[in-house]
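Summary of the model geometry
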Amino acid sequence: MEAKKEAEANMKEIKVDANFDPTQPAPGAGGMNAAAAGLGLGGATGAAANSQGAKPDGMPGPAKKEDVVFDITTDQIQEIIMESPVPVLLDVYADWCGPCKALAPALEQMAVKAGGMFRLVKLNSDNERSASQALEVKALPTGEIYSALKPGTAETDQHRVLLGAPTQ
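The paragraphs below set out a description of the structure included in this document. This structure is a prediction, so every number in the text was calculated from the model and none was measured.

Right, let's get into the nonpolar core. Counting 13 residues, the largest nonpolar core has I72, I81, L90, V121, L123 and L135 as its most contacted members. For this core, the elements supplying multiple residues, two or more each, are β1 (69-72), α3 (77-82), β2 (88-93) and β3 (119-124). Counting residues per element, this core draws most heavily on β2, at three residues. Excluding its chain neighbours within four sequence positions, the residues that come into contact with L123 are I72, T73, L90, D91, V92, Y93, E128, A131 and L135. Grouped together as the second largest cluster of nonpolar side chains are 11 residues, M59, L89, L107 and A111 included.

Structure follows, in structure tokens:
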């Protein structure tokens, strides 16, 4: 319980822009769509602002890697994923998986550049076989996105991302 309180104290609070349109360029994005320029979410506010501060276009500056990238075990799924105040991209990988090794740096860079607007949570399928089976992982890498439907609740919306996992 103490670890949970400590983790919550370090979490970032994120303001999401309800008028986000991924088809429109973000201000100052240089022609990129808003999704490519930072996922189209509003900047962090209050205690959530990172040490770099917000950029002129309202997007947060880069976050510290340790604040947005987490290697977890099965025991941490509830705390780190289901109770997250921001959307979570779960990356299920294995150390021996070539595509996983190629994808990991890009995912980590996205999470850092997004300034805490989402978490990258990494789960080693070899070390956490029961979780991989429960998630019905069929191929690696597999990604899943979790986003809270109701703030302050564990109710989530889950989406399988086609990184390598065929879905039926």
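A separate point is the packing of aromatic side chains. Per the counting criterion, the structure on display carries zero aromatic pairs. Over the ring of Y93 we find K122, and its NZ or CZ is 5.6 Å from the ring centre.

Our focus in this paragraph is helix α4 (residues 98-113). With 16 residues, α4 extends 24 Å between its outermost C-alpha atoms, agreeing within 8% with the 22 Å of an ideal straight helix rising 1.5 Å per residue. At A104, α4 is deflected by roughly 30°, the largest bend along its length, and proline P105 occurs up to four residues later in sequence. Along α4, the residues that are buried comprise C100, A104, L107, E108 and A111. Buried residues along α4 sit against α2 (65-68), β1, β2 and β3.

How each quantity is defined
- Residues numbered from 1 in each chain as written.
- Predicted model: local features only at pLDDT ≥ 70, side-chain atom pairs only at ≥ 80, totals over all residues.
- Heavy atoms only, no water.
- Core = buried A, V, L, I, M, F, W, Y, C linked by side-chain atoms within 4.5 Å.
- Buried < 20%, exposed > 50% of the residue type's maximum accessible area, 1.4 Å probe, protein only.
- Helix = DSSP H or I, 4+ residues; strand = E, 2+ residues; numbered from the N terminus.
- Contact = heavy atoms within 4.5 Å.
- Phe/Tyr/Trp six-rings, centres within 6.5 Å; stacked < 30°, edge-to-face > 60°.
- Lys NZ or Arg CZ within 6 Å of the ring centre and 35° of its normal.
- Expected span 1.5 Å × (residues − 1).
- Bend = angle between axes of the 7 residues up to and from the residue.

Just distances and angles here, no functional claims.
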